[in-house]
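So you can see what is in the structure, the chains are spelled out below.
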Amino acid sequence: MKVKFLDKEWDINNPTYKEKRELWKLNSLSWKDGELNQEEYFKLLDKTEEVAGIKPEDYTEKDGKSLSMGEIDLLLQNILLNYLGLSADSKK
């Protein structure tokens, strides 16, 4: 599976049904009464990273520059939305 982010195409693993269900569950647990539970949310991002098969050395832009922590989180959010079928690309 490929995801575009910061003018780069990221080659990531395709999730299994079970992995998608686990990500969906973690996503649901990270929100309570409209408030974000940051600890649960970071568990969700960590699981997304694991499922995607991304390693720390993969976090670089097209030109080789390292991503910031904020950019890494945005990439993982983008991957998560693709996995859950909630991104604009996944709805095409």
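Above: the structure in question.
Calculation notes
Residues numbered from 1 in each chain as written. Predicted model: local features only at pLDDT ≥ 70, side-chain atom pairs only at ≥ 80, totals over all residues. Heavy atoms only, no water. Helix = DSSP H or I, 4+ residues; strand = E, 2+ residues; numbered from the N terminus. Rg over C-alpha atoms; globule rule 2.2 N^0.38 Å. Contact = heavy atoms within 4.5 Å. Buried < 20%, exposed > 50% of the residue type's maximum accessible area, 1.4 Å probe, protein only. Phe/Tyr/Trp six-rings, centres within 6.5 Å; stacked < 30°, edge-to-face > 60°. Lys NZ or Arg CZ within 6 Å of the ring centre and 35° of its normal. Core = buried A, V, L, I, M, F, W, Y, C linked by side-chain atoms within 4.5 Å.

1. Section: the overall build of the chain
Move 1: Scanning the chain from terminus to terminus reveals 3 helices and 4 strands.
Move 2: Reading the secondary structure of the chain in the N-to-C direction produces β-β-α-β-β-α-α.
Move 3: Taken over C-alpha atoms, the radius of gyration comes to 13 Å for the chain, in line with the 12 Å a tight globule of 92 residues would show.
Move 4: Counted over contacts in the chain with a minimum sequence separation of 6, partners at least 24 positions apart contribute 59%.

2. Concerning the side chain of Thr48
Move 1: By the secondary structure assignment, Thr48 is in helix H2 (residues 38–52).
Move 2: Take Thr48: its relative accessible area is 0%, and that puts it in the buried class.
Move 3: Setting aside its immediate chain neighbours within four residues, Thr48 contacts Leu23, Leu76, Ile79, Leu80 and Tyr83.

3. Some remarks on the packing of aromatic side chains
One pair of aromatic rings is described through two measures. These are the centre distance and the angle between the planes.
Move 1: Across all of its chains, the model carries 1 aromatic pair by this definition.
Move 2: Considering the side-chain rings of Tyr41 and Phe42, the 6.3 Å spacing of their centres and the 75° angle between planes classify their relative orientation as edge-to-face.
Move 3: Of the residues examined, Tyr41 reaches a relative accessible area of 14% and is grouped as buried.
Move 4: Cation over ring: Lys8 sits above Trp10, and NZ or CZ is 4.2 Å from the ring centre.

4. With respect to the nonpolar core
Move 1: Ile12, Ile54, Tyr59, Leu75, Ile79 and Tyr83 are the most contacted members of the largest nonpolar core, which has 21 residues in total.
Move 2: Contributing elements (two or more residues each) for this core: strand S1 (2–5), helix H1 (17–29), H2 and helix H3 (69–83).
Move 3: Ranked by residues supplied to this core, first place goes to H3 with 6 residues.
Move 4: If near-sequence neighbours (up to four positions away) are discounted, Tyr59 is found in contact with Trp10, Glu49, Ile54, Lys65, Ser66, Leu67, Ile72, Leu75 and Leu76.

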